[in-house]
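Analysis of the macromolecular model
Chain by chain, the residues:
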Amino acid sequence: MTTLERVKECLGKIKKENCKINALLEIRPEGEILKEAEEIDKKIKRGRAGKLAGKIIVVKANINVKGMNISCASKVLEDYKAPYDASVIERIEKEDGLIIGIANMDEFAAGFSGETSAFGPVKNPVDKTLITGGSSSGSAAAVAVGFCDMALGSDTGGSIRNPASICGVVGLKPSYGSVSRYGLIDLSMSLDQIGPLAKNVKDVNLLFDVIKGKDERDATSRECPAHPPQSKRGEIIVGILDLDCLGVDERIKELINRKVEEISSKNGWKTKEVNIENIDLAVETYYPLVYVEFFSATRRFDGRRYGKKIEDAAGPEVLRRVLGGGEITKAEHEGRYYNSAIRVKEFIRAEFSKNFRSVDCIVSPVLPRLPWKIGEKISVEEGYAMDVLTIPSNLAGNCSISVPVGKIDGIPVGIQIICDKFEEEKLLGIARAFEGD
Ligand code: GLN
């Protein structure tokens, strides 16, 4: 099929189904998309096309795409039109990826369920009464339902892996620094990473290869090693994360354990139990960091330069963080919260490094529980606990991926595979072995 034929099919699907799923907030003008698809097909014919030619892509509403309404799914930015492209967008366009629209999300990426968008919750394509997970809810749902081949999301504490797991797609959180954050609207600049979601590991790998690498406009970005750091031992050793005290549903544990056993014995891999000390403090460590950094980043939304004043227009979860972040910042002259959190963050990072001396990857479920029904009353603590298994990777800055490995009661469940910093190639190789039922 040509790109033009495929994109027409996607647009048809979007017209019919987006009103039910609410995965996309804005679609580019159809004429523009079709014209670009024709151009790409011409390039393919001439053998001149880029690596992403033929791939149809949507972008989370917190990554700047010139001319599009990058609202962060918030009333605060509902009229904001991006005046420039994020670096990842420039790279995608250079390789002929066809961006067709902007995906819904939790407001300002501050969420875990896909319910806090000011423009309505995203519905799970598997069962429309269920949450999709978040905050990259629209990106995961759009891939799952077939509106596109690939999507960009952002992950501060689990926002790519969490909805990928619940929607049954693959989602990669790159190592901190692997992908430029230039043009991403921050939730927490010391933790955020942009990353790809797709139906399979191959497409996730393809998109990651295009967006990764050093960018002059993001000083924390760097080149990733071109070759997979082979297992230092010549054989893969899989670390199985000790889940004690993390409140994981027994059915999820069982499914993941069975899968790890099956894939390890099929590939001749060894397994070993791994304990990350103080992992139970990860959620408590993460939130003060996010509150403070988010508060600081939102000071520009003062209603003067662009957008509305955040305190006047944001939803309750965003307000909680802005007000909480302000309070913590006031207490900061004593270094009580932020600095203590930084110390625990460093401890958890060191724990991962120590363990990666004896294992190649660490596996666990992505989520501790199955998704709830949209609108169900969930306490703040229960919601925050949703990311108990994904947050540690952001604190450590390493790379991790969610790969679908089965279903419980018809609901997709993902395995999380974590590798050391900048070992994405090894991670993607191991992920490929886990793919498929
Ligand atoms: N659920 C976490 C939070 O609410 C993670 C969000 C994210 O990764 N963007 O902060």
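Conventions and cut-offs
Residues numbered from 1 in each chain as written. Predicted model: local features only at pLDDT ≥ 70, side-chain atom pairs only at ≥ 80, totals over all residues. Heavy atoms only, no water. Core = buried A, V, L, I, M, F, W, Y, C linked by side-chain atoms within 4.5 Å. Buried < 20%, exposed > 50% of the residue type's maximum accessible area, 1.4 Å probe, protein only. Contact = heavy atoms within 4.5 Å. Helix = DSSP H or I, 4+ residues; strand = E, 2+ residues; numbered from the N terminus. Near = heavy atom within 4 Å. Polar contact = N/O pair within 3.5 Å; in protein donor to acceptor, adjacent residues only side chain to side chain. Areas by Shrake-Rupley, 256 points an atom, 1.4 Å probe, with all protein chains shown as cover. Nonpolar A, V, L, I, M, F, W, Y, C, P; charged D, E, K, R; others polar. Pairing = 2+ DSSP bridges. Axes fitted to C-alpha atoms, helices over the stretch in contact; angles between N-to-C directions. Parallel < 35°, antiparallel > 145°, perpendicular 65-115°, else oblique. Right-handed = clockwise from strand over helix to strand, strands pointing away. Salt bridge = Lys/Arg side-chain N within 4 Å of Asp/Glu carboxyl O. Phe/Tyr/Trp six-rings, centres within 6.5 Å; stacked < 30°, edge-to-face > 60°. Lys NZ or Arg CZ within 6 Å of the ring centre and 35° of its normal.

We now examine the nonpolar core. Counting residues in hydrophobic clusters, the biggest one holds 114 residues, and the most contacted among them are Phe108, Leu152, Ile401, Ile417 and Phe434. Dropping the residues within four chain positions of it, Phe434 is found in contact with Lys259, Val260, Ile263, Trp269, Val403, Pro404, Val405, Ile415 and Ile417. Ranked by size, the runner-up nonpolar core spans 32 residues in total, among them Cys10, Leu24, Ile33 and Ala37.

This paragraph deals with helix α3 (residues 87-94). Those residues of α3 that fall on the buried side of the exposure criterion are Ser87, Val88, Ile89 and Ile92. On the buried face of α3, the contacting elements are β2 (56-60), β3 (98-103), β4 (150-155), β6 (193-198) and α6 (201-211). Asp96 sits one or two positions beyond α3 and adopts a positive phi of about 65°.

The subject of this paragraph is the site of the ligand. By nearness alone, 15 residues border the ligand, and Thr156, Ser159, Tyr286, Arg321 and Asp387 come closest of all. Residue Ala109 places a main-chain N or O atom 2.9 Å away from a nitrogen atom belonging to the ligand. Here the ligand has 290 Å² of accessible area as a free molecule, and 100% of this is covered by the chains. Class assignment of the residues belonging to the shell around the ligand gives a composition of six nonpolar, six polar and three charged.

Here we take up unusual backbone geometry. A cis amide bond links Gly134 to the next residue, Ser135, at an omega of 10°. Even without being a glycine, Asn22 presents a positive backbone phi close to 65°. Looking at the secondary structure, you find Asn22 in the loop between α1 (3-21) and β1 (24-27). In this structure, Ala109 takes a positive phi of about 65° despite not being glycine. Turning to its location among the elements, Ala109 is positioned in the loop between β3 and α4 (137-145).

This brings us to the sheet that holds strand β10 (residues 399-408). If you trace the 11 strands from one edge of the open sheet to the other, you get β1-β3-β2-β4-β6-β5-β10-β11-β9-β7-β8, paired in mixed fashion. The open sheet has two free edges, formed respectively by β1 and β8 (270-274), since each of these has just one partner strand. On average, each strand axis in the sheet is tilted by 30° relative to the strand beside it, whichever way the strands run. Note that strand β7 (residues 237-241) and β8 share five bridges and pair parallel.

It is worth spelling out the packing of α1 against helix α2 (residues 30-46) at this point. Where α1 meets α2, the closest approach of the two axes is 8 Å, and the angle between their N-to-C directions is 155°. By the criterion of interaxial angle, the relationship of α1 to α2 is roughly antiparallel. Listed contacts from α2 to Thr3, Leu4, Val7, Lys8, Leu11 and Lys15 of α1 are Glu30, Ile33, Leu34, Ala37, Glu38, Ile40, Asp41 and Ile44. Of the residues belonging to the contact of α1 with α2, the class tally is eight nonpolar, one polar and five charged.

With respect to the helices and strands, the residue Arg28 is situated in the loop between β1 and α2. Along the primary structure Arg28 and Met68 are separated by 40 residues, whereas in three dimensions their C-alpha atoms are 7.9 Å apart. Discounting residues that sit within four places of it in the chain, Arg28 has contacts with Ile33, Glu36, Met68, Leu98, Ile99, Ile100 and Gly101. One polar contact links Arg28 to Glu32, side chain to side chain, over a distance of 3.2 Å. Only 2.8 Å separates the side chain of Arg28 from the side chain of Glu36, close enough to count as a polar contact.

Bringing the pairing of β2 into the picture now. Taken across its five residues, β2 has five buried, putting it largely inside the fold. Bridge count for β2 against β3 is five bridges, and the pairing is parallel. By the bridge assignment, Ile56 is partnered in β3 with Leu98. You can see the chain leave β2, run along α3 and come back into β3, and the turn it takes is right-handed. Across three bridges, β2 lies against β4 in parallel orientation. Bridging across to β4, Val58 finds its partner in Ala151.

Under the counting rule described, the total for this entry stands at 30 salt bridges. Linking Glu351 and Lys354 is a salt bridge whose minimum nitrogen-to-oxygen distance equals 3.0 Å. With Glu351 and Lys354 both in helix α11 (residues 338-355), this residue pair falls three residues apart, about one helical turn. On the basis of relative accessibility, which here comes to 6%, the residue Glu351 falls in the buried class. Take Lys354: its relative accessible area is 41%, and that puts it in the partly exposed class. Overlapping salt bridges bring together Arg28, Glu32 and Glu36 as one network.

Bringing the packing of aromatic side chains into the picture now. All chains considered together, the criterion is met by 12 aromatic pairs. Their ring planes at 50° and their centres at 5.5 Å tell us that Tyr84 and Tyr182 sit as a pair that is tilted. Of this pair, Tyr84 sits in the loop between β2 and α3 while Tyr182 is found in the loop between β5 (170-173) and β6, placing the two residues 98 residues apart along the sequence. Among the residues examined, Tyr84 registers a relative accessible area of 29% and is labelled partly exposed. Judged by relative accessible area, Tyr182 falls into the partly exposed class, the value being 29%. Ring pairs connect the aromatic residues Phe112, Tyr286, Tyr287, Tyr291, Trp372 and Tyr384, which therefore count as one cluster. Between the NZ or CZ atom of Arg222 and the centre of the ring of Phe422, over which it lies, the distance is 3.8 Å.

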